[in-house]
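Structural features, examined
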Amino acid sequence: MTKSRFDPRLDPRLGTFAGVFTPSILTILGIILFLRLGYVVGNAGLLMALVIIGLANLISVLTSVSLAAVATNLKVKGGGDYYLISRTLGLEFGGAIGIVLFLAQSVSVAFYCIGFGEVLAYLVPFSMKGLAQMIAAGAVLLLFVFAWLGADWASRFQFVVMAVLFAAIVSFFVGGALRWNTALLANNLTMPENAPSFWIIFAIFFPAVTGFTQGVSMSGDLKDPGKSLPNGTFAAVGISIVIYFVSAVVFAGSLPGDILAADYNAMKRVAAIDSLVLAGVIAATLSSGMASFMGAPRILQSLSADRIFPFLLLFAKGAGPANNPRRGVLLSGAIALFTIALGNLNVIAPIVSMFFLISYGLLNYATFFEARTASPSFRPSFRFYNKHLSLAGALACLGTMLAIDIAAGVIALVFLFAIYQYLSRTSGPARWADSRRSYRFQQIRSHLLQAAEAPEHPRDWRPNLLVFSDDPERRKPLLKFADWLQGDSGFATVVRIIQGEGAKVRKLKEEARSEIAKDIRELEADMFPLVINGPNIRLSLLSLVQSFGVGPLKGNTMMTNWIGRSDDPPSQYRAKRFGIYLSTAFRQGYNIVLFSAEEKAWQKLQEIPAEKRRIDVWWRGDATSRLMILFAHMIRQNRPWHDAKIRVLDISAGVMKSGKTVADLEETLSEIRIQAEPEIVASAGADAVAAYSQDAALVFLPFRLIKDLPRDPFADELSPLLCRLPVTAAVLAAKDIDLSAEPEQGPAGEIAEAVDRYNDALKRAKDAEKAAEKASADLEKAIDAWRRAVESGEDEEKTRQLDKEVREAKNEAVASGRKAAKLSVIAENLAERARSLGAEIE
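One structure accompanies this document, and this report is about it. Quick caveat, the model's predicted, so the values are computed rather than measured. (Residues numbered from 1 in each chain as written. Predicted model: local features only at pLDDT ≥ 70, side-chain atom pairs only at ≥ 80, totals over all residues. Heavy atoms only, no water.)

1. Digging into the pairing of strand β14 (residues 728-732)
Counting buried residues along β14, 5 of its 5 residues qualify, which places the element largely inside the surrounding structure. With burial as the criterion, each face of β14 is covered, one bearing T728, A730 and L732 and the other bearing A729 and V731. Strand direction decides the pairing type here: strand β7 (residues 591-596) and β14, joined by 5 bridges, are antiparallel. Residue pairing for β14: L594 is matched across the bridge by A730. Judged from the 4 bridges that link them, strand β11 (residues 698-702) and β14 form a sheet pairing that is parallel. Paired with L701 across the bridge in β14 is A730. (Buried < 20%, exposed > 50% of the residue type's maximum accessible area, 1.4 Å probe, protein only. Helix = DSSP H or I, 4+ residues; strand = E, 2+ residues; numbered from the N terminus. Pairing = 2+ DSSP bridges.)

Structure below.
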């Protein structure tokens, strides 16, 4: 009978034990356990050695917690650490860590094989130059065969190695039990004199814990990564911690400290069968090398499949049903052989260790980053997670880097940063959804809530434009002008209102939104597209201007093209209907900007050199004038307008009769801190405006709405004047902006003043209450004295004196009570005033 294609016996993927636990624990229980742990105990003392083991494994535990959280929050695919980090922090961080992890693991193959070569070279009865390197190269070729055959064959090889490794550990524990000496243990508790510093010993031991994520690199070969990764990693880390702690105690209770500090082969002295320790050393080096040889190509394959680096695409293809990355195996093997050929690895080794630490730190930070976004999509099934543990893990990795080797850490970070910058400039649009957008939403939420708590102030004002555009042919100049106007400080939303309802209108909305978004992209403008529909244009506009925005971020300016052209002036009906729309927004507190730019005028503006551009602002000394001068200033902040001059032309009513001079206008401009050239226009009229501004690059012109009809500054029709001017923005301000406002002015200052007055009144009221209480007490005393005088039969003169004192005390008590009551009422009124302004007063 034909077997089902879903038969688990045909599934080449690995389970928790073979895919995660085995490669992880074989890398952790490596050369440090067999050849350096005794040295650590001998030089640090048992107590300090346990602290070192605990601190080093703290990173393992914290990172394992982060791994468990992120691995149970998304479906993990191939690439291990690279996949987890890239899907959280973005392709720039992911691509950078992917490259360095691939290189670090490929170079690690060479390190482990050189360790294997040095052990065998020590055992052979003859010496030969380069023998250890030749043996190491042979070991690389042996591991290459297993890596080439695939994860299933490699796991079988690792099972054999693990059996040898644990046999060596058991032999060591048995020997330690037979040699146990409690007095020796007591002598080895503390650090001996002249021992290396704590951090030097820590740096020697730390590589022991850098292999706990080897199983993560096998994520693409796992049947159930979400279950296997946390379970296998926690099991490997937990068992290895116990083994390291117990081994340290066995060393301390079996050999004197001086022997432990001097003899790297101290484990052989303790073990019941010393040859098993030698086999364990060989097994440890080969198993660690095998784990790295399996992990590195899979990181490269996942990195290549994501198409981040075009030159790596050929490594995305795998072989067989398990998609074995044989091309990556070839490259990893070549890097390992090249590293062995270099001979001196001491310079590279610390940097490679830093790469691993950076990957652990970024994995922790990525998990903290994901949790900090407070996104509803972050729902890890791992229950024992707390984001502060991930942050602690990231900080622990950073601190360890600085403590072990700050120079190597800086080099590794610079290398990572260089790749990050390269990808930031060349990667193009995002290829997947990461957590950065959720993080930005969370920041927006937090900042908006904080901004809403603070009172408004004129200094905070910035344009939030609703740019209405129905005509695609005239849209781009309008959007370009709006982009200049908002600069780097404002917001702009391009709006189109479609009349109607139903499925057909929904389709039109999508098409219109795509069209607007395309225009925005072509102009490289920072704007948002918005298309709405409704049964009535005016009602839709009214609803939009009332509801647009969130929290304190509300729209404040409506911008649109002027409806007329020189060859097509608007009819009275069209102008009236247009004016009604403008009035609708104006009455809701929106400033109005009408943009007039005929094709020839716009083309002429583009041809004017930046240094010869001039912006004319027609000044009337009112709210609209102040808004126009601010707009002119904001446009000049754009690069094409940096060298433009602003000319302020005063046409205020009665300017000549009032005796206003250029110096007065200069003083006004100085107060609002905007550089401009002032000029008084004696004879104000449409002809004067056209004559003065005919050679300007851009004109800001005030207009008015009279009975819902747009009128020029002289109450005439607006269209004839606009047709005689170059590119023009006709402006009407709905609210006045105090351009010279001081920080103490505005609602914040009013609230502070109201609170201060309330506090002062409250203090006076309390003082008056105390005075009233004192007056009442004095009255009681006076009455008691008068009664005693009467009862004792004092002379009449003394009785009259006491009677007078009683009356005076009574009057004082009544006056003090009235004053206290009056001040209490004043204080309460001031409290209500402060509350009405937004102050929090109990």
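2. Re the pairing of strand β8 (residues 614-619)
Across the 6 residues that make up β8, a large majority, 6, are buried. Of the two faces of β8, the one holding R614, D616 and W618 and the one holding I615, V617 and W619 are both buried throughout. When β8 meets strand β9 (residues 645-650), the two strands line up parallel, connected through 6 bridges. Residue pairing in the sheet places D616 in a bridge with R647 of β9. Summarising the sheet, β8 and β11 pair through 3 bridges and their orientation is parallel. Across the sheet, V617 pairs through a bridge with F700, a residue of β11.

3. Overview of the layout of surface pockets
Volume-wise, the second largest pocket comes out at about 980 Å³. Looking at the second largest pocket, it is lined by 30 residues, and the ones nearest its centre are E456, D460, W461, P552 and N556. Elements represented by at least two residues in the lining of the second largest pocket include exactly α18 (436-453), α21 (537-547) and β5 (553-554). No other element matches the 3 residues that α18 contributes to the lining of the second largest pocket. Along the lines of polarity and charge, the residues of the lining of the second largest pocket split into 15 nonpolar, 8 polar and 7 charged. (1 Å grid on protein atoms, 1.4 Å probe; cavity = no way out; pocket = protein on both sides within 12 Å on 5 of 7 lines; lining within 4 Å. Points joined across faces, edges and corners; volume = space filled by probe spheres on them. Nonpolar A, V, L, I, M, F, W, Y, C, P; charged D, E, K, R; others polar.)

4. Re a nonpolar patch on the surface
On the surface, a nonpolar cluster with roughly 560 Å² of combined accessible area is contributed by L395, L398, L402, I406, V410 and V414. The topology assignment puts V410 in helix α17 (residues 406-426). (Patch = residues over 30% accessible without salt bridge, like charges linked within 9 Å, V, L, I, M, F, W, Y side chains within 5 Å. Areas by Shrake-Rupley, 256 points an atom, 1.4 Å probe, with all protein chains shown as cover. Salt bridge = Lys/Arg side-chain N within 4 Å of Asp/Glu carboxyl O.)

5. Here's the deal with unusual backbone geometry
Look at R307: it is not a glycine, yet its phi comes out positive at around 60 degrees. Tracing the chain through its elements places R307 in the loop between α13 (274-305) and α14 (326-342). Assessed through its relative accessible area of 48%, R307 is described here as partly exposed.

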